Each structure stands twice: as C-alpha cells, then as structure tokens.
Amino acid sequence: MLIRTPSDILSSEITPESVYLKRRQFMQGIGIGATALGLGLPATGLAASEDPRKDLEFSPVVAKADNPFYTDENTPSFAQASSYNNFYEFGTDKTDPAKNAHTLTTDPWSVQVEGDVAKPGSYPLEDIMKLMTLEERIYRLRCVEAWSMVIPWVGFSLAEFIKMFEPTSNAKYVEFTTLYRRSEMKGQRSAFSVIDWPYTEGLRMDEAMHPLAFMSVGMYGKTLPNQNGAPIRLVVPWKYGFKSIKSIVKMRFTSIRPKTSWQGIAPDEYGFYANVNPEVSHPRWSQAYERRLPSSLLSPSRIKTEMFNGYGEQVAGLYKGMNLRRHY
Ligand SMILES: Nc1nc2c(c(=O)[nH]1)N[C@H]1C(S)=C(S)[C@@H](COP(=O)(O)O)O[C@H]1N2
Ligand SMILES: [Mo]
C-alpha cells in the first residue's frame, strides 16, 4: 500500500513529499497525472521560481504488492534524499554534493554511444526524452557503507534504451562514463582525489537488459537534482549504490569486461558485480545490516540486509552457477 492514511503518519513525518506522493496516488486513482494539471508543489523550502527542477510527465504508479518496481516502504523527504549523497566529483563528504553540485550545467547534454552497436552516435538528451516512455519506480538503493534509502525515481527502462542502439552479438558488456569537466566539478580538481577521472561503471549485457535496470532522469516527480546525478543516471537496485553511476555522458558496448572506477581504487573491496549480499562482508565492514534512512539516534532504523537487496526473486537467475564470494 503506497498511500497511508493520516492516522498512519506521525506529524513529524509529514513532508511535502509524502503529501506529493499521496496526492499523486489520488490523482492517478482518478486517472489524471498531477503534472498535467500543473499542481506540482515545490518540494523543498525554496520558492517554486527558484527551484531548478521541472515537472516530469510519466505514467501512473500501479501499486501492486507483487510488483518489483514498487514498494510501500517509507521514502525519505526530498530534502533528505538530496542532501546525503555520494558523488565524488563534488567532494567526498556526504554533504558535499548538495553544497557543490549547483556548478554543473546539464543543458545541453548528450549521451555518446560507441562500440559494438549498429547505431552509434551522439544522442541529445532532448531526443532521448521524446523517444523513451517515462515511468515512476520506487526502488531501494543500498550503499556499500551500509545505509539505504527508498527513492521514487522517474525514468525509463535501460533495456528499452539499449535496444535503440541495436547492439551486435559482440556486445557482452556495457561501460558507462560520467562527465569529466574540471571547471564545473570541484572534486575532479582536487589533488587528493582517489578516483582516476572520469568515473566509470559497467554491467554485463544480460544485467543491463534485465527489466529492473533503470535509467533515471528524475525523482519525486521532478527532474533530478544535480547531486543525485542530473540529468541522467543509472539505477541498478539489486547492486550496491556505487554501480548506479551519475551524470552519464557515454555508453560503450564491448566484448571485454570494462574496468570500473571502484575496482581501480581498491579491487579487493569493490568487485565488478557488487551485488548486494549480506553473506559476503566488505573487508572493512559487515554487509549483514543496513541503516535505513531517514534514521536518528532515537530511531536508528537498523534492518537486515536482504540478498540482492530484496530483488532476489527477479535477478538470482542471472548469477546461477556463479560463486558470489569470488565474483563479489
Ligand atoms: N559519477 C558518480 N556516480 C556515483 C558516485 C560517484 O561518486 N560518482 N557515487 C556512487 C555511490 S557510492 C552511491 S551510494 C550512489 C548514491 O546515489 P544518491 O546520492 O542518489 O543516493 O551514487 C553512485 N554514483
Ligand atoms: Mo555508495
């Protein structure tokens, strides 16, 4: 159940987002998108005119208990989800991206498609937005640092996106690359940076084509805030958060397994697969539990981590016969 009645909700928990979600759910119930009516509420303390995020039109939520694209778990407020981030291009502290990412210009934006595809090229985001069907999906994101959040993303199926480029039979992997623009990304200018820029990630082709894999262009019904990966990012809900690469400018299809940024930094800590797995500890901390955000000292929200972040029924088949202790 996505809508909670007022009696379910503590007054301290009532945020513009819970209002937004409930209102949207109601509108969808009567078959009208909130955006179509132009009723979007500003989701932060900012006045609507100062808020750079734009309403997105997308298909209604079909909240079904057995639908893996949705969950009724609590979402953090928009303010929380956009102020506790990992985005090393803007600093290594969780609060740095919210402070520094405003310097990023996301328009114009294109995604360069290369390698083993019939239709390589530079795809402007505005064309992509016309071709893809936007939908909302509420997914858990679990960081390897043992915190997690449930986010209402807006975007489109990665499989549908990839089909546009017609990968050839040589395409066994897809590599994603983040923007490299030192003038706008403070972390890329840092002399102490651990990452060899640009940030890259990769998926095996069958993982990328899995129906849960998602390209996000928005959250909470609006375009993505910069700190969350504007204007386009990956969301792979059964893998640790670092696989969900932000501000993507390139997708390269290849027969050779790409090297990812985190593998480059510490190969014994961050594997290529990075599937959420409570049984395989990170060398420096256990992965058996996670802190579900928002949490506080009084209510630490410590929960058990589930295999494949709770998406095992859908994705376990991808790894049949693989030793997940070796392929971490
Ligand atoms: N380009 C880029 N993408 C990135 C990162 C990064 O530092 N740079 N951090 C990753 C990590 S470690 C996590 S946990 C998620 C966090 O996403 P969120 O800030 O939207 O919660 O983004 C991932 N994507
Ligand atoms: Mo992370």
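Think of each chain on its own: its residues are numbered from 1, step by step along the sequence as written. Chain labels run from A onward and ligand labels from 1 onward, assigned in the order the entries are written. Side-chain atom pairs in this predicted model are given and counted only at pLDDT of 80 or more, local residue features only at pLDDT of at least 70, and totals for whole chains, interfaces and linings cover all residues. Water and hydrogen atoms play no part in the side-chain values, which are based on all heavy atoms of the structure.

Points about the overall build of the protein
Stated precisely, the cut-off is as follows: The numbering of helices and of strands both runs from the N terminus, where a helix is a DSSP run of H or I of at least 4 residues and a strand a run of E of at least 2. Working rule for contacts: check all heavy atoms of both residues, and any pair within 4.5 Å makes them a contact. In short, Shrake-Rupley with a 1.4 Å probe defines the accessible areas, and a residue's cover is counted only from the protein chains shown.
Of regular secondary structure, the protein possesses 10 helices and 12 strands. Put simply, of all contacts in the protein between residues at least 6 apart along the chain, 70% involve residues at least 24 apart. Element-wise, carbon and sulfur atoms account for 55% of the exposed surface of the protein, whose accessible area totals about 15,200 Å².

Considerations on the site of ligand 1
Let me state the cut-off plainly: Near, as used in this document, describes a residue that has one of its heavy atoms within 4 Å of the molecule or strand being considered. Polar contact criterion, stated in full: a pair of N or O atoms within 3.5 Å, where within protein one must be able to donate a hydrogen and the other to accept it, and residues adjacent in sequence count only if both atoms are side-chain atoms.
Taken together, 16 residues lie near ligand 1, and N85, Y88, E89, R233 and K246 sit nearest. Backbone polar atom of N86 to a nitrogen atom of ligand 1: 3.2 Å apart, as the coordinates give it. Between an oxygen atom of ligand 1 and a main-chain N or O atom of Y88, the distance comes to 2.7 Å. Relative to its unbound accessible surface of 540 Å², ligand 1 loses 98% to contact with the protein.

Observations concerning the packing of aromatic side chains
For the record, the criterion: Aromatic contacts are taken between Phe, Tyr and Trp rings whose centres are within 6.5 Å, Trp giving its six-membered ring; a plane angle under 30 degrees counts as stacked, one over 60 as edge-to-face, and the others as tilted. A ring is scored as having a charge over it whenever the NZ atom of a lysine or the CZ atom of an arginine sits within 6 Å of its centre and within 35 degrees of its normal.
Per the counting criterion, the structure on display carries 17 aromatic pairs. Aromatic rings pair up to connect Y123, F156, F161, F165 and F253 into one cluster. We note R140 situated over the ring of Y311; from NZ or CZ to the ring centre the distance is 4.9 Å. Against the face of F272 rests K243, its NZ or CZ located 4.3 Å from the ring centre.

A closer look at the sheet that holds strand β5 (residues 173-178)
Definition in use: A strand pair is defined by DSSP finding two or more bridges across the two strands. Between N-to-C directions, angles span 0 to 180 degrees; the directions come from axes that are lines fitted to C-alpha atoms, helices contributing only their stretch in contact.
Pairing is mixed in the open sheet, where five strands are placed in the order β2-β1-β10-β5-β6. Strands at the two margins of the open sheet, each flanked by one partner only, are β2 (121-124) and β6 (200-204). Averaged over neighbouring strand pairs, the angle between their axes works out to 20° when direction is ignored. With four bridges connecting them, strand β1 (residues 110-115) and β2 associate as antiparallel partners. Paired with V111 across the strands is Y123, a residue of β2.

Overview of the pattern of salt bridges
Under the convention used in this document: Any Lys or Arg side-chain nitrogen located within 4 Å of an Asp or Glu carboxyl oxygen qualifies as a salt bridge. Each residue is assigned to one of three classes by its accessible area relative to the maximum for its type, calculated with a 1.4 Å probe on protein chains only: buried under 20%, partly exposed between the two thresholds, exposed over 50%.
Counted under the stated rule, the structure contains 16 salt bridges. A salt bridge links E175 to R252; the shortest N-O distance between them is 2.9 Å. Residue E175 is found in strand β5, and its partner R252 is found in strand β10 (residues 248-254); the two are separated by 77 residues along the sequence. E175 gets classed as buried once you look at its relative accessible area, which sits at 11%. Residues R204 and D206 are paired through a salt bridge, measuring 2.8 Å at the closest nitrogen-oxygen approach. We classify R204 as buried; its relative accessible area is 14%. Overlapping salt bridges bring together E73, R140, R142, E290 and R292 as one network.

Focus on the side chain of N309
If you trace the backbone, N309 turns up in the loop between β12 (302-304) and α10 (312-315). Setting aside residues up to four positions removed in sequence, N309 forms contacts with R140, L141, R142, P237, W238, V276 and E290.

Comments concerning the UniProt feature "binding site: Mo-molybdopterin" (unreviewed entry) in the protein
Note the following rule: UniProt positions are given in the numbering used here, feature names are shortened, and annotations may be inferred rather than shown by experiment.
Within this structure's numbering, the places UniProt gives as "binding site: Mo-molybdopterin" (unreviewed entry) are N85, Y88, E89, C143, T178, N228, R233, S244, I245 and K246. Tracing the sequence through the fold places N85 in the loop between α3 (78-81) and α4 (96-100). The residues contacting N85, other than those within four sequence positions of it, are D93, K94, P97, Q227, N228 and K246. At 3.5 Å, the side chain of N85 and the backbone nitrogen of S83 are in polar contact. With respect to the helices and strands, N228 occurs in the loop between β8 (222-223) and β9 (233-235). Aside from chain neighbours lying at most four places away, what touches N228 is A81, S82, N85, M219, R233 and K246.

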